[in-house]
Amino acid sequence: MELVFYFFCSATSDERREKFNMRKALIVGIDYYNNVAPLYGCSTDACAVDSVLSTNGDGTKNFDTKLCIATDQYSIISRKELKNNIEELFKDNCEISLFYFSGHGYIESTGGYLITSDCSEGDDGLPMSDLLNIANASPARNKIIVLDCCHSGIMGNPSYLDASILKEGMTILTASSAEQYALEEEGSGVFTKLFVNALNGSAANLLGDITPGSIYAHIDQSLGLWEQRPIFKTNIRQFTVLRRMFPSISLADLKKIVELFPMKDQDFKLDPSFEPQSTNPNEENMKKFEILQKYNRINLVVPVDSKHMYFAAMEEKSCRLTVLGKHYWNLVKKHRI
């Protein structure tokens, strides 16, 4: 006990933080199959996911990725290889361990399967129940599974899987329901194309953060009720950030919202001194007006009884917080951001 305690305490805080902040991703795309019909966009989709997850929007390191693609007989991915890589992915105490799969999926009475290059029958693929069990047992703080394959919505379905309970920290995002096929369009999976677009900024909030929840919302809103329906299952305390983009506004400017609006329902009175083009501008007021105009551009603030912030100032009117503005006011006030 003393020896274990000594080694634990001898690690520096930076070393412990580095280990905790590790973000690993296993990205698999299978086009080539020995015995079943080939696919044509899965490896391309996997490469797109690998590219977007590897770095944040500003080019800084994000995930440490491992890309596995099967494009011909020389690069096949076997069931054993896939399972070994999945076990390697989920064995560490990471901040996030993420698994992405694009390829054939199969469903029958015994459950769902991920089909690898060496499969002859659907049920000789990797059972999704095995994938779930491995991820559930992982010490990683956040376990994320993203499946772009037919019938992927069966993942975690209690009517098919014995181990159907999602342990804390588990999130599953699939391209379609258990009964549906995952469609391709212009050489790319419909789901993965939306997934990559979301990671490229379509699902970012004002601070540039992209979470699994915002990704699902983007995909869900992009697909109609008559199209394949993405499935989202999770058991978490709070969403983790998968990628960061350039924020629409700096955090420092956003936090000034509670200074400019001491009460969230209070209008901010304007006059010509706030506008630089007026005859008698005030330097302090111009600084405040610059921030208010930033708020206006991202729909946090609107002018009252005026079409533009400029006219609101010149006509001595006001501006007020929008519903979105009040939401961010609450987040700043409660020190949530």
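Residues numbered from 1 in each chain as written. Predicted model: local features only at pLDDT ≥ 70, side-chain atom pairs only at ≥ 80, totals over all residues. Heavy atoms only, no water.

### Here's the deal with the overall build of the protein chain
Stated formally: Numbering of helices and strands runs from the N terminus; a helix is a DSSP stretch of H or I covering at least four residues, while a strand is a stretch of E covering at least two. Relative accessibility under 20% of the residue-type maximum defines a buried residue, over 50% an exposed one, and the middle range a partly exposed one, all with a 1.4 Å probe and only protein chains included. Here the Shrake-Rupley method, with its probe set to 1.4 Å, supplies the accessible areas, and only the displayed protein chains count as covering residues.
Scanning the protein chain for helices and strands turns up twelve helices and 16 strands. Relative to its 337 residues, the protein chain shows a buried fraction of 48%. Of the accessible surface of the protein chain, which amounts to about 17300 Å², a share of 51% is contributed by carbon and sulfur atoms.

### A short note on the environment of Arg320
What counts is decided by this rule: Here, residues are in contact when the closest pair of their heavy atoms is within 4.5 Å. Polar contact criterion, stated in full: a pair of N or O atoms within 3.5 Å, where within protein one must be able to donate a hydrogen and the other to accept it, and residues adjacent in sequence count only if both atoms are side-chain atoms.
Tracing the chain through its elements places Arg320 in strand β16 (residues 318-321). For Arg320, a relative accessible area of 37% puts it in the partly exposed group. Taking the C-alpha atoms as reference points, Arg320 and Leu292, separated by 28 residues in sequence, lie 9.6 Å from one another. Contact partners of Arg320, with chain neighbours within four places excluded, come to Phe261, Asp267, Leu300, Val301, Val302 and Val304. At 3.0 Å, the side chain of Arg320 forms a polar contact with the side chain of Asp267.

### Structural notes on the layout of surface pockets
Spelled out, the test is: Only protein atoms enter the 1 Å grid used here, on which a cavity is any set of points holding a 1.4 Å probe that cannot leave and a pocket is any open set flanked by protein within 12 Å on both sides along at least five of seven lines; residues with an atom within 4 Å of a point are listed as lining. Grid points are joined across faces, edges and corners, and a volume is the space filled by probe spheres set on the points. Asp, Glu, Lys and Arg are counted as charged, while Ala, Val, Leu, Ile, Met, Phe, Trp, Tyr, Cys and Pro are counted as nonpolar; the rest, among them Gly, fall into the polar class.
When its volume is computed, the largest pocket comes out at roughly 780 Å³. Lining the largest pocket are 25 residues; nearest its centre among them are Thr211, Gln238, Phe239, Thr240 and Val241. If you tally residues by element for the lining of the largest pocket, the top one is helix α12 (residues 323-333), at three residues. In terms of residue class, the lining of the largest pocket is built from eleven nonpolar, eight polar and six charged.

### Observations concerning the packing of aromatic side chains
In plain terms, the rule: Pairing of aromatic side chains requires ring centres within 6.5 Å, counting the rings of Phe and Tyr and the six-membered ring of Trp. Pairs whose planes differ by under 30 degrees are stacked, by over 60 edge-to-face, and all others tilted.
Evaluation of the coordinates by the stated rule reveals ten aromatic pairs. Taking the centre distance of 5.1 Å and the plane angle of 20 degrees together, the rings of Tyr216 and Phe232 count as stacked. With a gap of 16 residues between them, Tyr216 in helix α7 (residues 212-222) and Phe232 in strand β12 (residues 231-235) connect regions that are remote in the sequence. Since its relative accessible area comes to 22%, Tyr216 is described here as partly exposed. Relative accessible area serves as the criterion here: at 23%, Phe232 is assigned to the partly exposed category. Between the aromatic rings of Phe268 and Phe274, the centroid separation amounts to 5.6 Å while the plane-to-plane angle is 80 degrees, which identifies the pairing as edge-to-face. Each member of the pair, Phe268 as well as Phe274, carries the same accessibility label: buried.

### A short note on the confidence of the model for the protein chain
Rules: What pLDDT conveys is the predictor's confidence in a given residue, as a value from 0 to 100.
Summary statistics for the protein chain give a mean pLDDT of 87 and a share of 85% for residues scoring 70 or more. Confidence drops under pLDDT 50 across residues 1-20; counting only partners more than four residues distant or on other chains, this segment forms nine contacts. Here residues 159-163 is a poorly scored stretch, pLDDT under 50, and it has 13 contacts once near neighbours within four places are set aside; other chains count.

### Here's the deal with the environment of Tyr106
Here Tyr106 is to be found in strand β4 (residues 105-108). Judged by relative accessible area, Tyr106 falls into the partly exposed class, the value being 31%. Expressed as a C-alpha distance, the spacing of Tyr106 and Gly122, which sit 16 residues apart in the sequence, is 5.6 Å. Within the structure, the side chain of Tyr106 is placed 3.1 Å from the side chain of Glu108, a separation counted as a polar contact.

### Things to note about the packing of helix α3 (residues 42-54) against helix α6 (residues 190-202)
This is how the line gets drawn: Think of each axis as a best-fit line through the C-alpha atoms, taken over the contacting stretch in the case of a helix, with angles from 0 to 180 degrees between the N-to-C directions. Any angle between 65 and 115 degrees counts as roughly perpendicular, while under 35 counts as roughly parallel, over 145 as roughly antiparallel, and the rest as oblique. Note: crossing handedness is left-handed where the near helix turns anticlockwise from the far helix by less than a right angle, and right-handed where it turns clockwise.
One can describe the packing of α3 onto α6 by two numbers: an axis separation of 10 Å at closest approach and a directional angle of 10 degrees. For the element pair α3 / α6, the angle class is roughly parallel. Here the hand of the crossing between α3 and α6 comes out left-handed. Of the residues in α6, those touching α3 at Asp45, Ala48, Val49, Val52 and Leu53 are Thr192, Phe195, Val196, Leu199 and Asn200. Among the residues making up the contact of α3 with α6, the classes are represented as seven nonpolar, two polar and one charged.

### Comments concerning the pairing of strand β7 (residues 142-148)
What counts, and what does not: By definition, two strands form a pair when at least two bridges between them are found by DSSP.
With seven of seven residues buried, β7 is to be regarded as a mostly interior element. Taking every second residue as pointing to the same face, both faces of β7 are buried, with Asn142, Ile144, Val146 and Asp148 on one and Lys143, Ile145 and Leu147 on the other. Relative to β7, strand β3 (residues 96-102) runs parallel, the two being bridged by seven bridges. Bridge pairing in β7 links Tyr100 to Val146. Sheet analysis places β7 next to strand β8 (residues 170-174), joined by five bridges and oriented parallel. Note that in β8 the partner of Leu147 across the bridge is Thr174.

### Brief notes about the side chain of Thr192
Mapping Thr192 onto the fold places it in helix α6. By relative accessible area, Thr192 is classed as buried at 1%. Among the polar contacts made by the side chain of Thr192, one reaches the side chain of Tyr100 at a distance of 2.6 Å. A distance of 2.5 Å separates the side chain of Thr192 from the side chain of Asp148, its partner in a polar contact. Among all residues touching Thr192, those that are not within four sequence positions of it are Asp45, Val49, Tyr100 and Asp148.

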